[in-house]
Amino acid sequence: MGKLIMTVDDSASIRQMVSFTLKNAGYDVLEAVDGLDALNKLGGFGHVRMMIVDLNMPKMNGIELIRAIRANANYKFIPIVMLTTESQAVKKQEGKAAGATGWIVKPFKPQQLLAVIKKVLG
Amino acid sequence: MKHEKIIQELRHIFEGCKILLAAKYFLFLAIVKKKFRKQSVPAEPSETVCDNTSALLLSEIIASLETVCKKAEPDFIQLGKRLEAVYAESKTLGQEILEAVKHISGESEENVLFRAGLLANESLADLNRCYVRVTENLNHVGLIVEKLDHLYGMCGMLEKNAMFLKAVSFNMAVESARSQDSSDMFTVVSHQIRQLSEKTLRIIKNIREDTQNTRAAQIAGYDSISRDMKALHKLGKEARKAVENSVQEIGQLMETALKALEQAGAHTQEISLQVGEVVEGIQIHDSMNQRISHIIMAGYDVQQLCGQSASASDEGKPENPGAAAYTVLGLQTAQLKQVVNDIEKVYDKSMRAFERIYKEIELLTDSLSRFGFADRTADSLADAASRIAPFALLGTSLSELRTILDSGVSLAERIQDTGMKASETSGRLSEYIEQVREIGFETHLVALNAIVKSAHLGDAGKSLEVLAHQVKVLSDDSGSFAESVTEILASISDLTLDMQARTPDKENLKNLFQSDSSSEALDLGIENVSYMYELFSADSLKAFRRAEVLNTEISAIISGLEFFPILSRELNEYLIRLEDMADAVNSGSDTEVEFSADETERLVRRYTMRQERGVHKQFVAEVSRTPDDARKSGEQKPVEKSEDDLGDNVELF
């Protein structure tokens, strides 16, 4: 059993590539299609150790999701890395203020994503 | 005015047309308008073709772009799935190749090949030891033959002695017949001496026969073993050469295996790298979706602007809706062009990556070919196995060595048997010689008795006394001969004992000539090499077959990548339509349309992606500033590297 990581993205191809990368590196992966789906799944499928979250999603976006998660005592300190096409400094600041741990601008390279995870999870 | 009227009329005609015909109309309109504009002097303010029809046309483009995006998603997902499958299979392939090569790599006791090499060397040492022992024992047999020769010669002397004694007994009988007294005294004595001499002769005959037979047997054994030794020596030399070659082969195989392991690692790493390239490429779908959604949003803006342009009311209407629409349309064509370019780049990159993966898989299996697989399309395990020459050579040479070692042990057994026979003969001859000695002693006593008796006869017994003394001398000689024979027999016994001491018994013979580590271990080694050879062949064949399946799949994926150019062509069609529409909007104006700064600012705020902002800035700069300004504006501000150098696109807070 590897560490459980949740990927939250409304793009099926991105979820697929994140899952593929993480599973090959020995992690377990939980997928969510948007922020609301992520909130519903959190805690229901085992202990999620980290989240990789897109910014622009329907129903609940990435920033709103981070705020909601940080409000939950159980996940107050869970590492949340944004994985988004958004690269504006203003948005990054917004994400940082909301409680994001890091920011990756898409597209990611598998080794790059894994390096970030290793750094964050240790 | 005339051509303006014509335009109005045409507009009325086409207003009722279906949306699908609108594009053709639009283009036609633009051409006609431009044509007439060249022929006339503008007298009134211009009117753009940004109207409800344009809005309808845009609706169609927007709907089509949305459809294209949605339609492309299954292709990307399918590509992702196939990539996952290929990567999983290539990982399994790499693992299988490592497993196959692991059988023969590494200088450890667990390595069958390395152990086989050690065993081969130990067995050669055993074979040498065996030669030395057999040669030593063969020399002993030679010495025994010499002793038997000597013994045979001694038999002749003993025989002469006995015959002389017999002659003396006859003379004694003749001399004793000359008087009654001598007859009374010596008839019995001469008879006794004759009987003893005859008995001695019989024993000597037995000794001679036994010696001769034993000698013949020893010579035959010696010759036979010598011959076999020579043959074995020749075979041994060949076996030694074969084993030495095999040991060399083993070294090369292990070296090749080590290289193959290193290369397999490098190829697997390269495959991972190329898979990473495709993973990065597949993400173009998300990027494309987002950029097209922004283009679509901009399309709605244009629709709104065209609607405003067509409406009579000036309320909330931009100063020049046509110019604004043209600005937005121009920017969107640039954005869509960039999307198309990016898709084409991803297509090229993915194509190259899969071609590289295909090549790396070939290289992976090539590393196995070095072990003897000449052709990766081996039909059966037997076909493939027969090609692994080094393994076969090793197995054969070890088997040959084993046979030669067995022959050596058999020779040692035979020479031991020969020695045993000599020892048995020696035992029998000792008994005979004991009898000869006893007879000699008895003869000696009879001779002494005869000497005494002859003295009683006085002068009449002088001849008999001489004869009696002769008998005594002969019996003494016989004793001396017996002593010499005993010495010879003792030396034969010593030789056979020495041989036996070297090879105590047959039970331990094999262990003596074959060390514990190489006796049964050699059999086990041969068995292990064969087993390993089968395992390696089976694993290799499995890997070859997997590689074939994998490369077939990769070829299919490469063919499947055609959805990229199809997607690119589709988007390109809409790009052309957008460009035509922008041209048409522009051509509706009598003067060059200036870009609307408000619109460009509004659009740039919508962009989330670096690429979009880059395209936007470059486009604006190109059309509104000097080339130098455009160049400066188009330059992207270098992104600061993160502290940990995770990449330009990564930032950890």
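If you're wondering where the values come from, they're calculated on a predicted model, not measured in any experiment. Every chain's residues receive numbers from 1 upward, in the order its sequence appears when written. To label them, take the chains in the order written and letter them from A, then take the ligands in the order written and number them from 1. pLDDT decides what is reported in this predicted model: residues at 70 or higher carry local features, side-chain atom pairs at 80 or more are listed and counted, and totals for whole chains, interfaces and linings draw on all residues regardless. Excluding hydrogens and water, the side-chain values take into account all heavy atoms of the structure.

(A) A look at the packing of helix H1 (residues 12-24) of chain A against helix H5 (residues 180-282) of chain B. Orientation of H1 of chain A relative to H5 of chain B, taken along the N-to-C sense of each, is 155°, at an axis distance of 9 Å. Here H1 of chain A lies roughly antiparallel to H5 of chain B, going by the angle between them. When the axes of H1 of chain A and H5 of chain B are compared, the crossing they make is left-handed. When H1 of chain A is examined against H5 of chain B, the residues Ser13, Met17, Phe20 and Thr21 of chain A are found in contact with a partner set consisting of Val275, Val279 and Ile282 of chain B. All amino acids are sorted into three groups, where Ala, Val, Leu, Ile, Met, Phe, Trp, Tyr, Cys and Pro are nonpolar, Asp, Glu, Lys and Arg are charged, and the leftover types, Gly among them, are polar. Classifying every residue of the contact of H1 of chain A with H5 of chain B by side-chain character gives five nonpolar, two polar and no charged. Inter-axis angles, ranging from 0 to 180 degrees, are taken between N-to-C directions of lines fitted to C-alpha atoms, where helices are fitted over the stretch in contact. Here a strand is any run of E in DSSP of at least two residues, a helix any run of H or I of at least four, and the numbering for each starts at the N terminus. Reported orientations rely on four angle classes, namely roughly parallel under 35 degrees, roughly antiparallel over 145, roughly perpendicular from 65 to 115, and oblique for the rest. For any helix crossing, the convention is left-handed if the near helix is rotated counterclockwise from the far helix by under a right angle, and right-handed if that rotation is clockwise. The contact criterion used throughout is that any non-hydrogen atoms of two residues lie within 4.5 Å.

(B) Fine view of the pattern of salt bridges. All names here are of chain B. Within this document, salt bridges are pairs made up of a side-chain nitrogen of Lys or Arg and a carboxyl oxygen of Asp or Glu, the two lying within 4 Å of each other. The final tally for this structure, using the stated rule, is 30 salt bridges over all chains. For Glu96, the salt bridge is made with Arg546, and the minimal N-O distance between the two is 2.8 Å. With a gap of 450 residues between them, Glu96 in helix H3 (residues 52-102) and Arg546 in helix H12 (residues 516-560) connect regions that are remote in the sequence. Owing to a relative accessible area of 22%, Arg546 belongs among the partly exposed residues under this scheme. For Arg208, the salt bridge goes to Glu159, with nearest N and O atoms at 2.9 Å. Residue Arg208 is found in helix H5, and its partner Glu159 is found in helix H4 (residues 112-176); the two are separated by 49 residues along the sequence. Each residue gets one of three labels from its accessible area relative to the maximum for its type: buried under 20%, exposed over 50%, partly exposed in between, using a 1.4 Å probe on protein chains only.

(C) The side chain of Asp342 of chain B, seen in detail. Relative to the helices and strands, Asp342 of chain B is located in helix H7 (residues 321-369). Aside from chain neighbours lying at most four places away, what touches Asp342 of chain B is Ile284 and Arg291 of chain B.

(D) Up close: a nonpolar patch on the surface. All names here are of chain B. Exposure above 30% relative accessible area and no salt bridge define the residues that can form patches, which grow by joining like charges within 9 Å and nonpolar side chains of Val, Leu, Ile, Met, Phe, Trp and Tyr within 5 Å. Computed by Shrake-Rupley with a 1.4 Å probe, the accessible areas treat only the displayed protein chains as cover when residues are assessed. Together, Phe441, Leu445 and Leu448 make up a nonpolar patch on the protein surface, roughly 300 Å² of accessible area in all. Assignment of secondary structure puts Leu445 in helix H9 (residues 389-456). Looking at Leu445, the relative accessible area reads 44%, which means it is partly exposed.

(E) Here's a closer look at the nonpolar core. Leu22 of chain A together with Leu336, Phe354, Phe564 and Leu571 of chain B are the most contacted members of the largest nonpolar core, which totals 100 residues. When residues in this core are grouped by element, the largest group, 20 residues, is from H7 of chain B. In contact with Phe354 of chain B, not counting residues within four places along its chain, are Leu79, Leu83, Val278, Ile554, Ile557, Ile558 and Leu561 of chain B. Side-chain atoms within 4.5 Å are what join buried Ala, Val, Leu, Ile, Met, Phe, Trp, Tyr and Cys residues into a set we call a nonpolar core.

(F) Geometry of the sheet that holds strand S1 (residues 4-8) of chain A. Pairing between two strands is assigned when DSSP locates at least 2 bridges connecting them. Strand order in the open sheet formed by six strands is S2(A)-S1(A)-S3(A)-S4(A)-S5(A)-S1(B), and the pairing between neighbours is mixed. For this open sheet the edge positions go to strand S2 (28-32) of chain A together with strand S1 (650-652) of chain B, each flanked by a neighbour on one side alone. Taken over all neighbouring pairs, the strand axes of this sheet differ in orientation by 20° on average, direction set aside. In this structure, strand S4 (residues 80-84) of chain A lies alongside strand S5 (residues 102-105) of chain A, joined through four bridges in parallel fashion. By the bridge assignment for S5 of chain A, Met82 of chain A is matched with Trp103 of chain A. Lying on the sheet, H1 of chain A is in contact with S1, S2, strand S3 (48-53) and S4 of chain A; it crosses S2 of chain A at an angle near 170°.

(G) Examining the packing of helix H3 (residues 62-70) of chain A against helix H4 (residues 89-98) of chain A more closely. Residues and elements named next belong to chain A. Interaxial distance between H3 and H4 falls to 9 Å at its minimum, and their mutual angle equals 15°. One finds that H3 runs roughly parallel with respect to H4. For the element pair H3 and H4, the recorded crossing hand is left-handed. Contacts from Ile63, Ile66, Arg67 and Arg70 of H3 reach H4 at Glu94, Gly95 and Ala98. Residue composition of the contact of H3 with H4, by class: three nonpolar, one polar and three charged.

(H) The arrangement of unusual backbone geometry in detail. Of note, the bond from Lys106 of chain A into Pro107 of chain A is cis; its omega dihedral lies within 30 degrees of zero at 0°. Note on placement: Pro107 of chain A falls in the loop between S5 and helix H5 (110-121).

(I) Spatial organisation of the interface of chain A and chain B. Listed per partner, the contact involves 32 residues of chain A and 32 residues of chain B. By definition, the buried area sums, over both parts, the 1.4 Å-probe accessible area that each loses when the two are put together. Interface of chain A and chain B: buried area, both sides summed, is about 3,000 Å²; carbon and sulfur atoms make up 56% of it. When residues of chain A are sorted by the area they lose upon contact with chain B, Gln16, Phe20 and Thr85 of chain A head the list and together hold 19% of the total. Linking chain A with chain B are four salt bridges. Glu277 of chain B serves as the salt-bridge partner of Lys109 of chain A, at 3.9 Å between the closest nitrogen and oxygen. Polar contact is the term for a pair of N or O atoms within 3.5 Å; when the atoms are in protein, one must be able to donate a hydrogen and the other to accept it, and sequence-neighboring residues count only if both atoms are side-chain atoms. Between chain A and chain B we count 16 residue pairs in polar contact (both at pLDDT 80 or more) in total. Going through the elements one at a time, H1, H4, S5 and H5 of chain A are the ones with two or more residues in the side of chain A that touches chain B. It is H1 of chain A that provides the largest number of residues to the side of chain A that touches chain B, a total of eight residues. Within the side of chain A that touches chain B, the residues separate by chemical class into 14 nonpolar, twelve polar and six charged. Relative to S1 of chain B, S5 of chain A runs antiparallel, the two being bridged by three bridges. Directly across from Trp103 of chain A, in S1 of chain B, lies its bridge partner Glu651 of chain B.

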